[in-house]
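Secondary and tertiary structure notes
What follows is each chain in one-letter form.
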Amino acid sequence: MSDVAVAVVDAETPGNVGTIARSMKNFGFSELLLVDPPTLDPAGEAYGFAGQAREDVLPNARELAFEDLVAEYHTVACTAVPNEDDRKHVRYPVATPVEIADELTDLDAPIAIVFGRERVGLTNEELAQLDRICSIPASEQYPVLNLGQAATIMLYELRALGMDDDQLPDERHARATEREIEGLYAEFDEFVDRVGHPEEKQAKAGRMFRRLLGRAHPTGREATTLRGLLRRASEKLNGEE
């Protein structure tokens, strides 16, 4: 994984810093860099907003000057408003978070993802000194996200650079075997016959059920449960217990 830090320039409130620290913790990032930060009181909102990041990311944050950030890191500036073409290079060319994630995967350099102020973001002067421009695709009518939202989306897209694994199970969908699914089809055909569905329509009903399950990809437990319900319903219809 690449060495990726997160930098916040001139955060307007301690809560902004705490929110970003929490997002960092969510997606496996630990190095927080602060340029001209507000006072971060351990009893204040920064630590209150940080969740478990108050235990490590936040207290280990490093304060540095903007000039040092530029000198020490390959910087990716996050902004909501890029330039449209190459007549101005302050906010151009621009990449999406997904594209940035691909670019950074094999980059052998210390990297900093740089966020600006809640209200005005990074200034043009600051952007001019940073290496890469990134913008989150959003509505043309209102593309400006709040700082916490922007950081969370950006770090989610970069998560492969911050963590080796996630909390999701390795096997996310254990599809039923073909034998189990075919057994369910047969049970449905029998049910359709027992319910008195017109004989000339039974084959069509069976095909529709097959197409439905073909899109659903039920698990083994789901297929077994559905088969049992159809069998039970058939027995009830025939007066069996």
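In what follows, the structure referred to is the one given above.
First, a word on what this report is: a plain description of the structure on this page. Everything quoted here is computed from the prediction, not taken from an experiment.

About the criteria used
- Residues numbered from 1 in each chain as written.
- Predicted model: local features only at pLDDT ≥ 70, side-chain atom pairs only at ≥ 80, totals over all residues.
- Heavy atoms only, no water.
- Helix = DSSP H or I, 4+ residues; strand = E, 2+ residues; numbered from the N terminus.
- Polar contact = N/O pair within 3.5 Å; in protein donor to acceptor, adjacent residues only side chain to side chain.
- Axes fitted to C-alpha atoms, helices over the stretch in contact; angles between N-to-C directions.
- Left-handed = near helix turned anticlockwise from the far one by under 90°.
- Contact = heavy atoms within 4.5 Å.
- Nonpolar A, V, L, I, M, F, W, Y, C, P; charged D, E, K, R; others polar.
- Salt bridge = Lys/Arg side-chain N within 4 Å of Asp/Glu carboxyl O.
- Buried < 20%, exposed > 50% of the residue type's maximum accessible area, 1.4 Å probe, protein only.
- Core = buried A, V, L, I, M, F, W, Y, C linked by side-chain atoms within 4.5 Å.

**Details of the side chain of Glu126**
Among the secondary structure elements, Glu126 is positioned in helix α5 (residues 124-127). Here the side chain of Glu126 touches Thr123 through a polar contact of 2.9 Å, landing on its backbone nitrogen.

**What to know about the packing of helix α7 (residues 178-194) against helix α8 (residues 199-216)**
The relative placement of two packed helices is expressed as an angle between their axes plus a distance between the axes. Axis separation between α7 and α8 bottoms out at 10 Å; the angle between their running directions is 145°. Note on packing geometry: the crossing formed by α7 with α8 is right-handed. Seen from α7, the contacting residues are Glu182, Leu184, Tyr185, Phe188, Asp189, Val192 and Asp193; seen from α8, they are Gln202, Ala205, Gly206, Phe209, Arg210, Leu213 and Gly214. Taken together, the residues that form the contact of α7 with α8 break down as seven nonpolar, three polar and four charged.

**A short note on the pattern of salt bridges**
Within this structure, the stated rule accounts for 12 salt bridges. Between Arg117 and Glu126 there is a salt bridge whose closest N-O contact spans 2.7 Å. Each member of the pair, Arg117 together with Glu126, is buried. Through salt bridges with shared partners, a single network forms among Asp10, Arg117 and Glu126.

**Some details on the nonpolar core**
If you look at the biggest cluster of nonpolar residues, it comprises 34 residues, and the most contacted ones within it are Leu32, Ile113 and Met154. Only β1 (4-9), α1 (14-26), β2 (31-35), α2 (45-49), β4 (74-78), α4 (97-104), β6 (111-115) and α6 (147-157) provide two or more residues apiece to this core. The contact partners of Met154, leaving out residues within four places of it in the chain, are Val76, Cys78, Pro97, Ile100, Ile113, Phe115, Cys134 and Ile136. Counting 16 residues, the second-largest nonpolar core is a separate cluster that includes Ala7, Val9, Ala77 and Val114.

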